[in-house]
Amino acid sequence: MRKTVLVIDDEKIGAENIQKAFINEMGSVDCLVAFDEPTINNYIKNKFYDIAIVDLRMDDFSINGFDIIKNIIEVNPFSKIIIISAHLEEYNDDINEILSTGKISAIIPKDNFKDFKDKIFREVSKIFLEIDSNLDFSQKILQEMYSDLKNEEDNFQKGQKFERFVGMLWSRIGFKEINYRKIDKSQNEIDLIVRNDIEDKFFEKFSPYFFVECKNIIENVDKNMFVLFLTKLQGSNELARLGFIITTSGFKRTTYLEALRTSNASSKIIFLSNNEIEELINSIQPIKTLKTIIDRQVKDN
């Protein structure tokens, strides 16, 4: 799977220079840049990135690098973080606090561009080597997230944590463009919209987007929930023909019967409950496992 680096710096030229260096010297790595506050907030939440390179000083922003790092740690526990700054001496106390999280892989002072760039590349290469040699790292993170969300008692937090977990699960499978809580033109809310841009012949046969409905609930998913989600799919003008209902509980018999009754529709909904979630978490090849789950359910209904 291609790796992705996100560069966050309020200096547009500096961010783009790093991006150009990645394109020229590390072509196998996708490099995203964000240098204005709306884009930074959007990319942190909706893009998947293996490494975030974050400048500490953000002049004229309502946030600084430490706010950004804390946000990254919350929404993307897979990401490693590299701090960059020309003013490290100003932030000693704050740096010590953020180092205690264990999420910071390196701190690199801004210097002349060649030395600065070379230091970034060395750290990035080291992190990618570590990720590739520790294949169960993401599994541990997902297991911790899943345990935490299932034990959460606050209903709002249950939903928020589950959506974040599902986004991370899809990212581990290989889908990098994931949008949370979108409202379509009919004012239906869709929990997750996953862009189908993965390089895989199986998924290339599907529509450009998948819809994902997340249900961290005690009761099993009922027929009405299924019908409402199917309506959202059918209202997408065929931009999304494949959907997933993923739940920490299960599905009622009437829901399976409704899926059978509507099986001739152009849209297909895949059911993922505890067993399938565990399969995907524990899989060494999650994309292959997801395809197996889809195959299984296509045969069943």
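Residues numbered from 1 in each chain as written. Predicted model: local features only at pLDDT ≥ 70, side-chain atom pairs only at ≥ 80, totals over all residues. Heavy atoms only, no water.

To continue, consider the overall build of the protein chain. Counting secondary structure elements, the protein chain contains 12 helices and 10 strands. Taken over the C-alpha trace, the protein chain has a radius of gyration of 21 Å; the compact-globule value for 301 residues is 19 Å, and the two agree within 12%. Taking the principal axes of the C-alpha coordinates as reference, the protein chain spans close to 65 × 40 × 40 Å. Relative to its 301 residues, the protein chain shows a buried fraction of 50%. Relative to all contacts within the protein chain whose residues are 6 or more apart in sequence, the contacts with residues 24 or more apart total 68%. Accessible area for the protein chain stands at about 14,900 Å²; split by element, carbon and sulfur atoms hold 48% of it. (Helix = DSSP H or I, 4+ residues; strand = E, 2+ residues; numbered from the N terminus. Rg over C-alpha atoms; globule rule 2.2 N^0.38 Å. Buried < 20%, exposed > 50% of the residue type's maximum accessible area, 1.4 Å probe, protein only. Contact = heavy atoms within 4.5 Å. Areas by Shrake-Rupley, 256 points an atom, 1.4 Å probe, with all protein chains shown as cover.)

This part takes up the sheet that holds strand 1 (residues 3-8). Spatially, five strands are ordered 2-1-3-4-5 in an open sheet, and the strand pairing comes out parallel. The sheet terminates laterally at strand 2 (29-34) and strand 5 (104-109), the two strands that pair on one side only. Taking the axes of each pair of neighbouring strands and ignoring which way they run, one obtains an average angle of 20° across the sheet. Pairing geometry for strand 1 and strand 2, over six bridges, is parallel. In the sheet register, Val 7 faces strand 2, and the bridge partner there is Val 33. Most of the contacts of helix 1 (residues 12-25) go to strand 2, to which it runs at about 170°, and overall it touches strand 1, strand 2, strand 3 (51-55) and strand 4 (80-85). (Pairing = 2+ DSSP bridges. Axes fitted to C-alpha atoms, helices over the stretch in contact; angles between N-to-C directions.)

Time to look at the pairing of strand 3. Of all five residues in strand 3, five are buried; the element is thus mostly enclosed. On strand 3, burial covers both faces: Ile 51, Ile 53 and Asp 55 on one face and Ala 52 and Val 54 on the other are all buried. Inspection of the sheet shows strand 1 paired to strand 3 by four bridges, in the parallel sense. Residue pairing across strands places Ile 8 opposite Val 54, the latter belonging to strand 3. Summarising the sheet, strand 3 and strand 4 pair through five bridges and their orientation is parallel. Directly across from Ile 51, in strand 4, lies its bridge partner Lys 80. Crossover handedness for the path strand 3 to helix 3 (residues 65-75) to strand 4: right-handed. (Right-handed = clockwise from strand over helix to strand, strands pointing away.)

The next point concerns the nonpolar core. The nonpolar side chains of a soluble globular protein tend to be buried with one another. Judged by nonpolar contacts, the single largest core of 36 residues is most densely connected at Phe 165, Trp 170 and Phe 244. When residues of this core are assigned to their parent elements, the largest contribution, seven residues, is made by helix 7 (residues 155-173). Dropping the residues within four chain positions of it, Phe 165 is found in contact with Leu 142, Met 145, Tyr 146, Leu 149, Ile 277 and Ile 281. (Core = buried A, V, L, I, M, F, W, Y, C linked by side-chain atoms within 4.5 Å.)

Of all seven residues that make up strand 7 (residues 189-195), five are buried, and the element is covered over most of its length. Direction of pairing for strand 7 relative to strand 8 (residues 209-215): antiparallel, over a ladder of four bridges. Opposite Val 194, over in strand 8, you have Phe 210 as the bridge partner.

At Asn 237, a residue that is not glycine, the phi angle is positive and equals roughly 55°. Locating Asn 237 in the fold gives a position in the loop between helix 9 (223-234) and strand 9 (240-247). Look at Asn 237 and you get exposed, because its relative accessible area is 71%. Its identity as a non-glycine residue notwithstanding, Glu 238 has a phi of 65°, on the positive side. Glu 238 gets classed as partly exposed once you look at its relative accessible area, which sits at 46%.

So, about the pattern of salt bridges. Tallying each qualifying case throughout the model produces 19 salt bridges. Salt-bridge contacts for Asp 118 lead to Lys 117; the nearest nitrogen and oxygen are separated by 3.0 Å. For Lys 117, a relative accessible area of 10% translates into the label buried. A salt bridge links Lys 215 to Glu 213; the nearest nitrogen and oxygen atoms lie 3.4 Å apart. Considered together, Lys 215 and Glu 213 belong to a single accessibility category, that of buried residues. Several salt bridges converge on common partners, so that one network encompasses Glu 25, Lys 114, Lys 117 and Asp 118. (Salt bridge = Lys/Arg side-chain N within 4 Å of Asp/Glu carboxyl O.)

In this structure the tally under the stated criterion is one cavity of 30 Å³ or more. In this model, the largest cavity occupies a volume close to 70 Å³. Lining the largest cavity are 14 residues, and of these Lys 45, Lys 47, Phe 48, Met 168 and Tyr 180 lie nearest its centre. Within the residue set of the lining of the largest cavity, elements represented by two or more residues are helix 2 (37-46), helix 7 and strand 6 (178-183). Of the residues that constitute the lining of the largest cavity, the class distribution is seven nonpolar, four polar and three charged. (1 Å grid on protein atoms, 1.4 Å probe; cavity = no way out; pocket = protein on both sides within 12 Å on 5 of 7 lines; lining within 4 Å. Points joined across faces, edges and corners; volume = space filled by probe spheres on them. Nonpolar A, V, L, I, M, F, W, Y, C, P; charged D, E, K, R; others polar.)

As a further point, take the environment of Val 5. Among the structural elements, Val 5 can be located in strand 1. Remark: the alpha-carbon pair of Val 5 and Phe 165, spanning 160 residues in sequence, is separated by 21 Å. If sequence neighbours within four positions are ignored, Val 5 has contacts with Phe 22, Val 29, Asp 30, Cys 31, Leu 32, Ile 51, Ile 53, Val 124 and Phe 128.

Keep in mind these numbers describe shape, not what the thing actually does.
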